[in-house]
Amino acid sequence: MKNGPKMSLVVALVGAVLALLVPLVFGGSQYNMVLVTTVLLYAVLATAWNIIGGMAGQMDLAAWAYLGLGAFTSGTLLLRWNITPWIGMLLGGLVAMAFGLMVGFPLFRFGVTDVWYALSSSALVEVLRVVFLMWEDVGGPVERYLPFHNWSWYHMRFGSYIPYYYIMLALLGVALFANYRLKRTRLGYYLRALGENEEAAEILGVNARACKMKALMLYAFLVGMAGAVYACLYGFIHPSFFSGFNSLEVAILGIVGGMGITYGPLLAAVILVSGKEFLRSTLGGQLEAIYLVIYAVVLIVMALFKPEGIATLLEEPYRRLRSYFAGGEDVQPDTRSV
Amino acid sequence: MQSIIQSLINGSMMGAVYALIALGLSIVFGVMNVVNFAHGDFVMLSMYGTFWMATYLGLDAVATPLITFFLLFAVGLVTYYVLIDRTLRQVYVTQIAVTVGLQILLRALAQVVWKAQPRALTHSIIQGNVQIGAYTIVFSRLVSAGVSIIAILAVYLFLMKTWPGRAIRAASDDLDVASLVGVDYKRTYALTFGLGSALTAIAGGLLMTFQQVDPTMGVRFGLLSWCVLALAGMGSIPGLLVSGVIVGAAEGAAMSAWDPRARSLVVYMIFVLVLWLKPRGLFGRK
């Protein structure tokens, strides 16, 4: 057991070094860099989702609502007042968090749970999309392009996608760290108790409303920050950012990866999103949307036959690895390391 | 003012069709406690089914449900046995993941088969208008509303008076006790799910008389029917009709009095507000 945290630290460090080296492999092609950055974006979103969905058990389907709010906040600040996206990122996260507070308060106050929570959050994405479509001062039907700069850290605009990759990677690090730390705090235990059985947790004295609220705000903040980067990455803001479909995808990645497992959503995003993009680029020319058919079938099969998450497939090899390094003695599965 | 009343009339007639779509969702959710995120995509599928029947068999859109009803029933049965049945004993997130996956699948299949552009039928036997005072009643919408109400009544009678209907209601009340008195849960659930999706075929045929179809419209119908269901509450079929009409009328009023783009906004706002303020709906039994 004493080996536990060290071992997971080693795995995390190896993963981080590999991730840092990715641009060396794909850096030659800007197209590939966009794809790996997109994979990272989904990894950030799904990892953040893990807090509200995986741990607290609230089936949130509004990821891109928070992403869009972050993108519009930071984009508008840059366009109107030339405020750097680095501040915009923070403010975008705060706006998303405030929105989370605004919708979460009545939802949790009136005890909207399970499917109704999922559906109402899904509806909120659409509400925001229409609101921003009609709100001509900020949104409107025409894309608003961010100013072009070939290499400006102040504007977070680069002629290459490699810096965005590293920014997104840093966000992923933050999201993973938030997950990892949260699991070891009182709030984290409360959230997982809620996720298991809300009524039982409440009887044992967990303040369900406050805990869910905190989880939702943390999740919204992380996604809002990613939204600000997303706007700079693609260089425009548009109400289509509020996409119900993409939000569903985020939740699916979280579920398929393994609810509440820190690296589960990351694993699902790496496998599924890169697989999807690979299929899109290889099959897309022949028959549009066939890649989505394959993607959907894979999702369904994974959800049906590995309901506890594909991350659990790694538990056994991981345990063996640890026992190997622990000098051959059999190490019990350490729940803290997942 | 006149245009608002006109759109209220149009919207209310549309609402009867919404109620029919929501009825399918309602019996599946109410009886099996299955959250089907792909319900709206069944509507999309039925509309394409109608499009094919009308194009290749030369049938009129209103007559196509005679065939598509059984097609969608079969689709429902297959979906139940292949996917839904396996999720019943698992946590509900698996169910959400599977039905959301199905939603993505149906939408992608529609894009592959029918391409991304909208499809519509040029004519139907129920064309033309009826003029009542200053208001125009579009005949196809009137017939759609009428047929929807008749279909809803038929389902009501089926659930109340026939043996399979009674089995469905028994399974909804208490599955264990129903099993004890000889209700085969698997068959009953399959029948329920088949019926739930077959009802969208009737709605799909009616909608095609005055609407076009594209692969992404499933999401809209899905959320719309959840909205109607939330407003009505569980277990009340007449309540479903009233809620459908309220939602349809609100949609129509928003389009003419405010902004055509506000159409979905109003629906979703009703949905969110009902969930917050009246989680059991207006006519909820449970």
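How each quantity is defined
- Residues numbered from 1 in each chain as written.
- Chains lettered and ligands numbered in written order.
- Predicted model: local features only at pLDDT ≥ 70, side-chain atom pairs only at ≥ 80, totals over all residues.
- Helix = DSSP H or I, 4+ residues; strand = E, 2+ residues; numbered from the N terminus.
- Rg over C-alpha atoms; globule rule 2.2 N^0.38 Å.
- Buried ≥ 20, exposed ≤ 12 C-beta atoms within 10 Å, placed from the backbone.
- Contact = placed C-beta atoms within 7 Å.
- Nonpolar A, V, L, I, M, F, W, Y, C, P; charged D, E, K, R; others polar.
- Pairing = 2+ DSSP bridges.
- Expected span 1.5 Å × (residues − 1).
- pLDDT = per-residue confidence, 0-100.

Description of the overall build of chain B
Of regular secondary structure, chain B possesses eleven helices and two strands. What you see in chain B, going N to C, is helices and strands ordered as α-α-α-α-β-β-α-α-α-α-α-α-α. For 286 residues, the compact-globule estimate of 2.2 N^0.38 gives 19 Å, and the C-alpha radius of gyration of chain B, at 18 Å, lies within 12% of that figure. A principal-axis box enclosing the C-alpha atoms of chain B has dimensions of 60 × 45 × 35 Å. For chain B, the proportion of its 286 residues judged to be buried stands at 53%. If you take every contact in chain B between residues at least 6 apart in sequence, the share linking residues at least 24 apart comes to 79%.

Side note on the overall build of chain A
Along the backbone of chain A there are 13 helices and four strands. For chain A, whose C-alpha radius of gyration is 20 Å, the value lies close to the compact-globule estimate of 20 Å for 338 residues. For the C-alpha atoms alone, the extent of chain A along its principal axes is close to 60 × 50 × 40 Å. By the burial criterion, 50% of the 338 residues in chain A qualify as buried.

As for the interface of chain B and chain A
With 35 residues of chain B in contact, the opposing surface of chain A contributes 40 residues. Every element with two or more residues in the side of chain B that touches chain A is listed here: α3 (65-87), α4 (92-114), α9 (217-232) and α11 (262-277) of chain B. Broken down by element, the residue count for the side of chain B that touches chain A peaks at 15 residues, all from α4(B). Each residue belonging to the side of chain B that touches chain A can be placed in one class, and the counts come to 27 nonpolar, five polar and three charged.

Concerning the pairing of strand β1 (residues 129-132) of chain B
Here β1(B) pairs with strand β2 (residues 135-138) of chain B via four bridges, running antiparallel. Bridging across to β2(B), B:Q131 finds its partner in B:T136.

As for helix α11 (residues 264-283) of chain A
Here α11(A) is 20 residues long and its end C-alpha atoms lie 28 Å apart, about the 28 Å a rise of 1.5 Å per residue gives. For α11(A), every residue scored as buried is listed here: A:G264, A:P265, A:L266, A:L267, A:A268, A:A269, A:L272, A:V273, A:K276 and A:E277.

Describing the environment of B:I21
Residue and element names in this part refer to chain B. Mapped onto the elements, I21 comes out in helix α1 (residues 2-32). Each C-alpha atom, one on I21 and one on F221, is 8.2 Å from the other, the two residues being 200 residues apart in sequence. If we ignore the near neighbours within four places in the chain, the residues touching I21 are V43, T200, A203, F221 and S225.

Remarks on the confidence of the model for chain A
The predicted coordinates ought not to be read in detail in places where the model reports low pLDDT. Confidence in the prediction of chain A, expressed as mean pLDDT, is 84, and 93% of residues score 70 or more. Element-level pLDDT for chain A is lowest in helix α1 (residues 4-26) of chain A, with a mean of 77, against a maximum mean of 92 in helix α3 (residues 63-81) of chain A.

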